[in-house]
Amino acid sequence: MKVTVSRRAHFNAAHRLYRPDWDDVKNNEVFGKCNNPNYHGHNYELIVSVKGPIDPETGYVMDVKILKDLIRSEVEDAFDHKNLNLDVPEFKNLNPTAENIVVVIWNKLRKHISTTLELEVVLYETPRNFVKYTGE
Ligand code: NI
C-alpha cells in the first residue's frame, strides 16, 4: 500500500528565454514575447508529492513539516523574487523554461528525500500552463 502526500508552494520570479548563440530574429521566432530582453515575471505555483508506504510507527509517509521546510530552503529561498537567468546559478547556462525549472527543482529536492519515496513535482508557470517531472 502506498499513499501520496503533497505540499503546495509558490514563488515569484523573472526570466527571459533565449539562446545567446542564436541571433535576435531566431530568438524572437522561437521564444516570442518570452525573449523580451528586459525580462518578465511569473507567479509560479508548485505541487510537490512524495509517494510511499505509511510508516507504522508514525503513521506518516513523510512528515509534511519536513517537506515544507525542504521546499522553503531549496526552492522558495533560492528562487523567490529572483531573476532566474541572473541570480540562480543553475540557469547560468540553462534556459529557464518551465521544463528546465521543474527538473532543477526535482533534482534539488531528490537529494534530501528518502530513497524509499517516489518524488513528483508539478510546476505551474501560469494557471493554465504546467509541467510535471517524476525523474524519468
Ligand atoms: Ni515566461
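The sections below set out a description of the structure shown in this document. (Residues numbered from 1 in each chain as written. Predicted model: local features only at pLDDT ≥ 70, side-chain atom pairs only at ≥ 80, totals over all residues. Heavy atoms only, no water.)

Remarks on the coordination of the nickel ion
- Protein coordination at the nickel ion: the donors are His-15 (NE2), His-40 (NE2) and His-42 (NE2), at 2.1 Å from the metal.
- Between consecutive donors of the nickel ion, the numbers of intervening residues give the motif H-x24-H-x1-H. Placement of His-15 in strand β1 (residues 3-15) and of His-42 in strand β2 (residues 40-52) is noted, with a sequence separation of 27 residues between them. His-42 carries the same exposure label as His-15, and that label is buried. (Donors = N, O, S within 2.8 Å, 3.2 Å for Na, K, Ca; no water. Helix = DSSP H or I, 4+ residues; strand = E, 2+ residues; numbered from the N terminus. Buried < 20%, exposed > 50% of the residue type's maximum accessible area, 1.4 Å probe, protein only.)

Some remarks on the nonpolar core
- By size, the foremost hydrophobic cluster in this structure holds 33 residues, and its most contacted members are Phe-11, Phe-79, Ile-105, Leu-109 and Leu-123.
- When contributions to this core are tallied by element, the ones reaching two or more residues are β1, β2, α2 (64-79), α4 (98-110), β4 (118-124) and β5 (130-133).
- Among the elements that make up this core, the one with the highest residue count is α4 (seven residues).
- For Ile-105, the contacting residues outside a window of four places in its chain are Phe-11, Leu-46, Val-75, Phe-79, Val-121 and Leu-123. (Core = buried A, V, L, I, M, F, W, Y, C linked by side-chain atoms within 4.5 Å. Contact = heavy atoms within 4.5 Å.)

What about the packing of aromatic side chains?
- Counting across every chain of the model gives six aromatic pairs.
- For the pair Phe-79 and Phe-91, a centre-to-centre distance of 6.1 Å together with 55 degrees between the ring planes defines the contact as tilted. Linking Phe-79 in helix α2 with Phe-91 in the loop between α3 (84-87) and α4, this pair joins segments that are twelve residues apart in sequence. Accessibility classification places Phe-79 together with Phe-91 in one group, the buried group.
- Counting every residue linked through ring pairs, the aromatic cluster contains Phe-11, Tyr-44, Phe-79 and Phe-91. (Phe/Tyr/Trp six-rings, centres within 6.5 Å; stacked < 30°, edge-to-face > 60°.)

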